[in-house]
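The chain contents come next:
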Amino acid sequence: MSELKLSKELIEDIQQRLVENDAEASDPVTFAQYLAAIMGYRVSDITAPSDRLRDLLEQLCEFSVQVFDQEIQKKQAPPLMPGQEAFGIWRPNNG
């Protein structure tokens, strides 16, 4: 699995595309609802037994919580000096 290239600009571009479809998507909660619905919709398109898909969806939800926690910590922590950045790669648990 490749490293995710998440950026503020990418998120804003996605939100703008949704706003073009539904002006209510400019609201952060409505935007998040769209993203959650899209995640469920796309996972349901994967060819696999439904119990494995549900497990994948749960893993993705846990990943969302990890990203949330990381972003909250970034906002509360002092800025890093150059060269101190870190990154991670999420891999699904194929159990």
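(A) Summary view of a negative patch on the surface. Taken together, the side chains of Asp-51, Asp-55, Glu-58 and Glu-62 define an acidic patch exposed on the protein surface. With respect to the helices, strands and loops of the structure, Asp-55 is situated in helix H3 (residues 50-76).

(B) How the structure looks around the packing of helix H2 (residues 28-44) against H3. Running from N to C, H2 and H3 point in directions that differ by 150°, and their axes come no closer than 10 Å. Of the possible angle classes, the one that applies to H2 and H3 is roughly antiparallel. Crossing of H2 over H3 shows right-handed handedness. Here H2 contributes Met-39, Gly-40, Val-43 and Ser-44 to the contact with H3, which in turn contributes Leu-53, Leu-56, Leu-57, Leu-60 and Cys-61.

(C) A nonpolar patch on the surface, seen in detail. Taken together, the side chains of Leu-6, Leu-10, Ile-11, Ile-14, Leu-35 and Ile-38 present a nonpolar region at the surface, about 480 Å² in accessible area. Looking at which element gives the most residues to the nonpolar patch, the answer is helix H1 (residues 8-21), with three residues. Secondary-structure assignment places Leu-10 in helix H1.

(D) The packing of H1 against H2, seen in detail. Interaxial distance between H1 and H2 falls to 11 Å at its minimum, and their mutual angle equals 95°. Taken together, the axes of H1 and H2 lie roughly perpendicular to each other. Residue-level inspection shows Ile-11, Ile-14, Gln-15, Leu-18 and Asn-21 of H1 in contact with H2, the latter providing Phe-31, Tyr-34, Leu-35 and Ile-38. Residues belonging to the contact of H1 with H2 are distributed by class as follows: seven nonpolar, two polar and no charged.

(E) The arrangement of the environment of Thr-30 in detail. Residue placement: Thr-30 occurs in helix H2. Relative accessible area serves as the criterion here: at 17%, Thr-30 is assigned to the buried category. Note: C-alpha distance between Thr-30 and Leu-18 (12 residues apart in sequence) is 10.0 Å. In this structure, Thr-30 is in contact with Glu-24 and Ala-25, ignoring residues within four places of it in sequence.

About the cut-offs
Residues numbered from 1 in each chain as written. Predicted model: local features only at pLDDT ≥ 70, side-chain atom pairs only at ≥ 80, totals over all residues. Heavy atoms only, no water. Patch = residues over 30% accessible without salt bridge, like charges linked within 9 Å, V, L, I, M, F, W, Y side chains within 5 Å. Areas by Shrake-Rupley, 256 points an atom, 1.4 Å probe, with all protein chains shown as cover. Salt bridge = Lys/Arg side-chain N within 4 Å of Asp/Glu carboxyl O. Lys, Arg positive; Asp, Glu negative; His and termini not counted. Charge placed at Lys NZ, Arg CZ, Asp CG, Glu CD. Helix = DSSP H or I, 4+ residues; strand = E, 2+ residues; numbered from the N terminus. Axes fitted to C-alpha atoms, helices over the stretch in contact; angles between N-to-C directions. Parallel < 35°, antiparallel > 145°, perpendicular 65-115°, else oblique. Left-handed = near helix turned anticlockwise from the far one by under 90°. Contact = heavy atoms within 4.5 Å. Nonpolar A, V, L, I, M, F, W, Y, C, P; charged D, E, K, R; others polar. Buried < 20%, exposed > 50% of the residue type's maximum accessible area, 1.4 Å probe, protein only.

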